[in-house]
Amino acid sequence: MADHRDTAVWRVAGPRGLWALKVGTGESVATVAREATVLQRAHSQVPALSYGGRAKAGRAEDAAWLITPWLEGPSTWSRFEVVRERRDADRAAALAAAVDMCAAVGALHAAGWVHGDLQPHHTVHTTGAVRLIGCTWTSSPTLAPPHTYLGGLVHLMSPELMGRAESSVRPVVTDPPAEVYALAAGLWWAATGTWPLDYAQLGVDPGKFTAKVLRQVLAQRWPPLGHIPQWPQLEEVLRHVLTRRPQDRPTALHLAEWLRSVPL
């Protein structure tokens, strides 16, 4: 069982295979219920969310539950362990995972959806397919993000999305360019185990700040990027994405093609 705040997840065996049972209580009731809504609406449009077609959900007065097929396979974060450990000879699987993650996000965007919380931990590489999880904040033109959405993990947020989160306009709305930034930032994190932004250049320990305070710090001064010393060719691609204006960033599908050409 995995337990996070007011949400618990169990791996359950049944007559029709393995399932993930997620139960939310307290503040997590609304988030679990919304994830169920996303899966019910998006599964027929988004290949990476197709597992939602078999999802079942329900809600009680003080809890919400969601049952989905258990997704067997490593996350993108797990696939990049060889890179973080500097095992250069084993990079091929990590690079393939990065390409597949970008392609899955590109298909999501092509269908008119945005994930809202892209992280290397939220991509599962099952046999022959990529699946996106953690889709509580996923939205589309017909399913607006909730007013509680503030842009996802702050360390992976684009400058423009951070500005929206700090404005008074609600809900905060993300878009494909901001997600491509999060995609590149997440791959940087997976490759290094450290955040892309070099907080040390500001004399800042990000672990000592709340997300809101850290956004306010970054609004005053944006730090430079760090480095991926064990794989400079990957750094070059990701740095290009992370330093471009929103309108100049590649799409997720273009990033997938670019990553295919990165030398091992």
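Please refer to the structure higher up on the page.
Scope of this entry: the structure provided in the associated data block. The structure displayed is predicted, hence computed values, not measured ones. Sequence order sets the numbering: in each chain, residues are counted from 1 along the sequence as written. Note on the predicted model: pLDDT of at least 70 is required for a residue's local features to be given, and 80 or more for side-chain atom pairs to be given and counted; whole-chain, interface and lining totals, by contrast, use all residues. As a rule here, side-chain values cover all heavy atoms of the structure and leave hydrogens and water aside.

**Let's talk about the overall build of the protein chain**
Item 1. Along the backbone of the protein chain there are nine helices and seven strands.
Item 2. Only protein chains enter the accessibility calculation, which uses a 1.4 Å probe; a residue is then buried when its area is under 20% of its type maximum, exposed when over 50%, and partly exposed in between. Looking at the protein chain as a whole, 48% of its 264 residues qualify as buried.
Item 3. A separation threshold of at least 6 residues defines the contact pool for the protein chain, and within that pool the share at least 24 residues apart is 64%.
Item 4. When the accessible surface of the protein chain is split by element, carbon and sulfur atoms take 54% of a total near 12600 Å².
Item 5. Only four residue types enter the tally: Lys and Arg on the positive side, Asp and Glu on the negative side, with His and both chain ends excluded. Every charge is mapped onto a representative atom, which is NZ of Lys, CZ of Arg, CG of Asp or CD of Glu. For the protein chain, the separation between the mean place of its 26 positive charges and that of its 23 negative charges on side chains is 3 Å. The secondary structure listing takes helices from DSSP runs of H or I that are at least 4 residues long and strands from runs of E that are at least 2 residues long, numbered from the N terminus. Only heavy atoms enter the contact rule, under which two residues are in contact if any of them lie within 4.5 Å. Only the protein chains shown count as cover for residues, and the accessible areas themselves come from Shrake-Rupley with a 1.4 Å probe.

**Here we look at the pattern of salt bridges**
Item 1. The term salt bridge refers to a pairing of a side-chain nitrogen on Lys or Arg with a carboxyl oxygen on Asp or Glu at a separation within 4 Å. The full count for this structure, using the stated rule, is 12 salt bridges.
Item 2. A salt bridge links E160 to R249, with the nearest nitrogen and oxygen atoms 2.6 Å apart. Taken together, the positions of E160 in helix α5 (residues 159-166) and R249 in the loop between α8 (232-242) and α9 (252-260) put the pair 89 residues apart, joining distant regions of the chain. Each member of the pair, E160 as well as R249, carries the same accessibility label: buried.
Item 3. Connected through salt bridges with shared partners, the residues E85, R87 and D90 form a single ionic network.

**Digging into the nonpolar core**
Item 1. In these notes, a set of buried Ala, Val, Leu, Ile, Met, Phe, Trp, Tyr and Cys residues joined through side-chain atoms within 4.5 Å is what counts as a nonpolar core. With 52 residues, the main nonpolar core has F80, L183, L187, L234, L255 and L259 as its most contacted residues.
Item 2. At the level of secondary structure, the elements contributing two or more residues to this core comprise α3 (81-84), α4 (91-110), α5, α6 (176-192), α7 (211-220), α8 and α9.
Item 3. Considering every element that reaches this core, the biggest residue donor is α6, with 12 residues.
Item 4. Excluding anything up to four places from it in sequence, F80 contacts A94, A98, L187, A190, A191 and L234.

**Let's talk about the environment of R84**
Item 1. Here R84 is to be found in helix α3.
Item 2. When the C-alpha atoms of R84 and A191 are compared, they prove to be 5.3 Å apart, with 107 residues separating the residues in sequence.

**Section: the packing of α8 against α9**
Item 1. Think of each axis as a best-fit line through the C-alpha atoms, taken over the contacting stretch in the case of a helix, with angles from 0 to 180 degrees between the N-to-C directions. The geometry of α8 relative to α9 is characterised by a closest axis approach of 10 Å and an angle of 160° between their N-to-C directions. Here α8 lies roughly antiparallel to α9, going by the angle between them. Along this stretch, α8 crosses α9, giving a crossing that reads as right-handed. Where α8 abuts α9, its residues L234, V237, H240 and V241 lie against L255, W258 and L259.
Item 2. For this classification, the nonpolar set comprises Ala, Val, Leu, Ile, Met, Phe, Trp, Tyr, Cys and Pro, the charged set comprises Asp, Glu, Lys and Arg, and every other residue, Gly included, is treated as polar. The class makeup of the residues in the contact of α8 with α9 is six nonpolar, one polar and no charged. With respect to orientation, any angle under 35 degrees is reported as roughly parallel, any angle over 145 as roughly antiparallel, any angle of 65 to 115 as roughly perpendicular, and every other angle as oblique. In a left-handed crossing the near helix is turned counterclockwise from the far helix by less than a right angle, and in a right-handed crossing that turn is clockwise.

**Some details on α7**
Item 1. Turning to α7, its buried residues number three or more, namely L214, R215 and L218. Along the long axis of α7, the arc covered by the buried residues comes to 105°, so they all point the same way. Those residues of α7 that are exposed and angled more than 90 degrees off the buried face are A219 and Q220.
Item 2. Those residues of α7 that are buried lie in contact with α5. Think of it as the arc spanned by the lines of direction from the helix axis to the C-beta atoms.

**Overview of unusual backbone geometry**
When glycine is set aside, most residues are seen to have a negative phi, and most peptide bonds are trans.
Item 1. Across the junction of R170 and P171, the peptide omega takes the value 5°, indicating a cis bond.
Item 2. Mapped onto the elements of the fold, P171 is located in the loop between α5 and α6.
Item 3. Even without glycine at this site, R86 takes up a positive phi of about 60°.
Item 4. Mapped onto the elements, R86 comes out in the loop between α3 and α4.
Item 5. Look at R86 and you get exposed, because its relative accessible area is 52%.

**Brief notes about the packing of α4 against α6**
Item 1. The geometry of α4 relative to α6 is characterised by a closest axis approach of 11 Å and an angle of 165° between their N-to-C directions. Judged by the inter-axis angle, α4 sits roughly antiparallel to α6. Here α4 and α6 pass one another in a crossing that is right-handed. Across the interface between the two elements, A98, M101, C102, V105, L108 and H109 from α4 touch P176, E179, L183 and L187 from α6.
Item 2. Classifying every residue of the contact of α4 with α6 gives eight nonpolar, one polar and one charged.

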